[in-house]
Amino acid sequence: MAIDLLREVATPELYRNNAFRLSGLPTEASARDIRRRTDEIRAAERLGAPLAGRPGLLAPDPEPEPQAVLDAMQHLRDPVRRVIEELFWFWPDAGDRPPLDPEQAARHWLDRAKAGDDLAWHNLAVLTHARCLDFRPGVEAASVREARWNDAYSYWRKVIEADGPWLALAARARSLDDRRLTTGFVTELRAELPRALLSAQATAAVRAAESGDLKSAAWNADVVAESAFEDHAGEVLAAAAAPLTARIRQACQRAEQAGPKVSATAGTVLLDETEPLLRMVLAILGGRDPRYIAAADQVGLAVNGCAARYANHTEGYRTSYDLVRRALPIEVSPQTRRTLTDNLVTYITNLTAVRLLAAIEKVEKRPDGQAAKVMTFAETLVPLLAGLREFDIEDDRRAPVWELLINGSIQLLNVYAARTGDVVTAKAGLQRLLTLATDDSSVVADDLVELVRGQLDVIEFAGLCWFCKQRTTGAGACPIKLSSMIDYSEVTRLTWQVVTVDVPRCPSCRRSHEHPPATSVIGLPPTVAAVMIIVSGVVGALLLSAVNGWLALLTLAVGLALFIYTRVIEARINRRTLTGSAAITIYSVSSYPPIAELLKEHWSIGERPPGI
């Protein structure tokens, strides 16, 4: 019962609504005094006359409405509630009447307390604490206010530690002759009082936060945390912030129930609702409090879930990226932050890949009018990569995104140049790409920068056929397959990677490569070589038939065998040769810069590594 009553009155209006303060009655007022004062107030209310105030220490300012006074005085009719009202107002002074000036009254009771009057500590605590809660901004300096709060809690601690005030309160409770007012009731009041005192200021902190004054909220919370009752501070502040964390929890639950199509909108609504609440909780509890971290993590993971469901269902990676990026400034735990940043990297990687494929497809279908988009493609994604750096995401997690962007941009520019012959635009795009890569050189590997520089040389041939170096390139690029070194990590099988590099090629060379004029190993067309071999065999057979018929047959057989062997060797050579008007071999293709770079890294031309 004592705990419930204390929690009811433990608000910033603890003293402002005190029945004795509003009525002007002393705490020792009798039932007759209360009736008389009630009649006076009702008479003034009927006549419409102003309520006659009574001079006293900390008299209400402004004068309260009569009905408010009557409502407060109802508490005095309940003996249990009256004890609570008396606890938080001035008790009779055994000595001279205290001055009405607060400063003089404080000195008066401090002197009495130091002289051994334990009851004086109570009056001094009430006076100081009431002035703290009555504080109006601009009236007193912040330093004075902070010192007064520290004094208030120190004085109340002395009251709790001293036996005199509690013996006096127990005697007062017995005089009210109510069976509820036992010695245990007073003991319970004494034990619960520290939490009640802190709750009044903690509630003030919450109200300041809800009004948008986060600075004042944090200040009040800090005073509570550093007070003479700091052992109870965490519990009290958590209880004050509990309604805020409950609202956060409910908002997260609503977002988690949203379907995939609307989950991005649900995530945005969630952040709109919870960001202000999290700032309030942060101001009250601080960033290291486990209750704040739990609330922040709940929001971060709920937003992450909304973004993931939306991306998986719609491939709206940019929307999911923006949603997670908005959640990252929230001070979540390291584990939740890692989850958010991992997904942020995933979304920008997927977004880069999707945009690259779309851009390349568009250039291949309709290359005209794509110059500006092709030239600035990488720049449109760089701000998103900058977002990764903004949140201190490690270089090794950002590097693969840059690698994808650079390699993809090079491919896009090469396709554009090959389709249009517009080398100027392609070179300008590569120059821009080189600038972007060197601006973030801590992440972009040196070999990627060199790859861009090498492409500036390669792009010179983009409008030319790599084989004849003369004709304008069309749609007949020569696909060359390359295989990586063998991966022996799997016990049951050998694996390797295969990539295809398109070498610029004109339609004429393409036709020549696809339908080559066959050439034998002896440098003659196969028909001429066949006739010569057969004629030689027949002539030899005729010359030898006169000598030995079997020798003539053997000569014909040898001629036929030579013919077949010549054609087999020719076929093998053709499979390993890119022939054309200039009879260009595979070694000429290997000098194409992109292929040359792969060969340096121990790749091999062909779908299978050598020896497989």
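Let us look at the structure shown here. All values reported here derive from a predicted model rather than from experimental measurement.

1. Topic: the overall build of the protein chain
1) Next: The helix and strand inventory of the protein chain stands at 26 helices and three strands.
2) Next: Contacts spanning at least 24 positions in sequence make up 72% of the contacts within the protein chain whose residues lie at least 6 apart.

2. Here we look at the packing of helix H12 (residues 233–256) against helix H14 (residues 290–314)
1) Next: The geometry of H12 relative to H14 is characterised by a closest axis approach of 9 Å and an angle of 10 degrees between their N-to-C directions. In this view, H12 runs roughly parallel relative to H14, as classed from their interaxial angle. Contacts between H12 and H14 involve Gly 234, Ala 238, Thr 245, Ile 248, Arg 249, Cys 252, Ala 255 and Glu 256 from the first element and Arg 291, Ala 295, Gln 298, Val 299, Ala 302, Cys 306 and Arg 309 from the second.
2) Next: The class makeup of the residues in the contact of H12 with H14 is eight nonpolar, three polar and four charged.

3. Comments concerning helix H26 (residues 593–600)
1) Next: Restricting attention to buried positions, one finds in H26 the residues Pro 594, Ile 595 and Leu 598. Buried residues of H26, viewed axially, fall in a sector of 100 degrees; they line one side.
2) Next: Residue His 602 follows H26 closely and has a positive phi angle near 75 degrees.

4. Some points on the nonpolar core
A general feature of soluble globular proteins is that nonpolar side chains tend to end up buried together.
1) Next: In terms of nonpolar packing, the biggest core is built from 148 residues, with Tyr 15, Phe 88, Trp 156, Trp 166, Phe 185, Leu 189 and Ile 406 touching the most fellow members.
2) Next: Examining the composition of this core, we find that twelve residues originate from one element, helix H10 (residues 183–210), more than from any other.
3) Next: Apart from the residues within four sequence positions on either side, Trp 156 is in contact with Tyr 15, Leu 87, Phe 88, His 122, Ala 125, Val 126, His 129, Leu 193, Leu 197 and Phe 229.
4) Next: Ranked by size, the runner-up nonpolar core spans 16 residues in total, among them Cys 465, Cys 478, Ile 480 and Cys 506.

5. Quick notes on a nonpolar patch on the surface
1) Next: A cluster of nonpolar side chains, contributed by Tyr 488, Leu 494 and Ile 612, occupies part of the molecular surface with about 330 Å² of accessible area.
2) Next: Looking at the element boundaries, Ile 612 is found in the segment after strand S3 (604–605).
3) Next: In this structure Ile 612 comes out as partly exposed when scored by relative accessible area, which is 40%.

6. A look at the packing of aromatic side chains
1) Next: The full count for this structure, using the stated rule, is seven aromatic pairs.
2) Next: Between the aromatic rings of Phe 90 and Trp 109, the centroid separation amounts to 5.3 Å while the plane-to-plane angle is 25 degrees, which identifies the pairing as stacked. Taken together, the residues span a long stretch of sequence, with Phe 90 in the loop between helix H5 (79–87) and helix H6 (102–114) and Trp 109 in helix H6 at a distance of 19 residues. Trp 109 carries the same exposure label as Phe 90, and that label is buried.
3) Next: An aromatic cluster is defined as three or more aromatic residues linked by ring pairs; in this entry it consists of Tyr 15, Phe 88 and Trp 156.

7. Here's the deal with the sheet that holds strand S1 (residues 478–483)
Note on sheets: strands pair through backbone hydrogen bonds, and any given pair is parallel or antiparallel.
1) Next: Taken in spatial order, the three strands of this open sheet run S2-S1-S3, and their pairing is antiparallel. Strands with a single pairing partner mark the edges of an open sheet, and in this sheet they are strand S2 (498–503) and S3.
2) Next: Where S1 lies against S3, two bridges are found, and the strand directions are antiparallel. Each bridged residue has a counterpart across the sheet, and for Ser 483 the counterpart in S3 is Ser 604.
3) Next: Along the sheet, H26 makes contact with S1, S2 and S3, crossing S2 at roughly 150 degrees.

8. Notes on unusual backbone geometry
1) Next: The residue after Asp 61, namely Pro 62, is reached through a cis peptide bond having omega 10 degrees.
2) Next: Note that Pro 62 resides in the loop between helix H3 (31–47) and helix H4 (66–73).
3) Next: Not every positive phi belongs to a glycine, and Asp 392 is a case in point at roughly 55 degrees.
4) Next: Tracing the backbone shows Asp 392 in the loop between helix H18 (377–390) and helix H19 (395–420).

9. With respect to a positive patch on the surface
1) Next: Judged by side-chain charge, Arg 32, Arg 35, Arg 42, Arg 46 and Arg 77 come together as a positively charged surface patch.
2) Next: With respect to the helices, strands and loops of the structure, Arg 46 is situated in helix H3.
3) Next: The exposed category is assigned to Arg 46, whose relative accessible area is 68%.

10. Remarks on the state of the cysteines
Put plainly, a disulfide is one covalent bond tying together the sulfur atoms of two cysteines.
1) Next: Under the counting rule described, the total for this entry stands at zero disulfides.
2) Next: With no disulfide of its own, Cys 252 lies closest to Cys 306 among cysteine sulfurs, the gap being 8.9 Å.
3) Next: In this structure Cys 252 comes out as buried when scored by relative accessible area, which is 0%.

11. Description of the environment of Ala 120
1) Next: Inspection of the secondary structure assignment puts Ala 120 in helix H7 (residues 118–133).
2) Next: Exposure remark for Ala 120: the relative accessible area of 1% places this residue in the buried category.
3) Next: In this view, Ala 120 contacts Trp 109, Arg 112 and Ala 113; residues no more than four positions away in its chain are not counted.

12. Overview of the environment of Ala 106
1) Next: For Ala 106, the location among the structural elements is in helix H6.
2) Next: Setting aside chain neighbours within four positions, we find Ala 106 in contact with Leu 124 and Leu 127.

13. Topic: the packing of helix H15 (residues 317–327) against H18
1) Next: Following both chains from N to C, one finds H15 and H18 inclined at 25 degrees, their axes separated by 12 Å at the closest point. On the basis of their axis angle, the class for H15 and H18 is roughly parallel. As H15 runs across H18, the sense of the crossing is left-handed. Residues Arg 318, Tyr 321 and Arg 325 of H15 pack against Pro 383, Leu 384, Gly 387 and Glu 390 of H18.
2) Next: Here the residues of the contact of H15 with H18 are counted per class, giving three nonpolar, one polar and three charged.

Conventions used here
Residues numbered from 1 in each chain as written. Predicted model: local features only at pLDDT ≥ 70, side-chain atom pairs only at ≥ 80, totals over all residues. Heavy atoms only, no water. Helix = DSSP H or I, 4+ residues; strand = E, 2+ residues; numbered from the N terminus. Contact = heavy atoms within 4.5 Å. Axes fitted to C-alpha atoms, helices over the stretch in contact; angles between N-to-C directions. Parallel < 35°, antiparallel > 145°, perpendicular 65-115°, else oblique. Nonpolar A, V, L, I, M, F, W, Y, C, P; charged D, E, K, R; others polar. Buried < 20%, exposed > 50% of the residue type's maximum accessible area, 1.4 Å probe, protein only. Arc of directions from axis to C-beta. Core = buried A, V, L, I, M, F, W, Y, C linked by side-chain atoms within 4.5 Å. Patch = residues over 30% accessible without salt bridge, like charges linked within 9 Å, V, L, I, M, F, W, Y side chains within 5 Å. Areas by Shrake-Rupley, 256 points an atom, 1.4 Å probe, with all protein chains shown as cover. Salt bridge = Lys/Arg side-chain N within 4 Å of Asp/Glu carboxyl O. Phe/Tyr/Trp six-rings, centres within 6.5 Å; stacked < 30°, edge-to-face > 60°. Pairing = 2+ DSSP bridges. Lys, Arg positive; Asp, Glu negative; His and termini not counted. Charge placed at Lys NZ, Arg CZ, Asp CG, Glu CD. Disulfide = S-S within 2.5 Å. Left-handed = near helix turned anticlockwise from the far one by under 90°.

The values reported here are purely geometric and, on their own, carry no functional implication.
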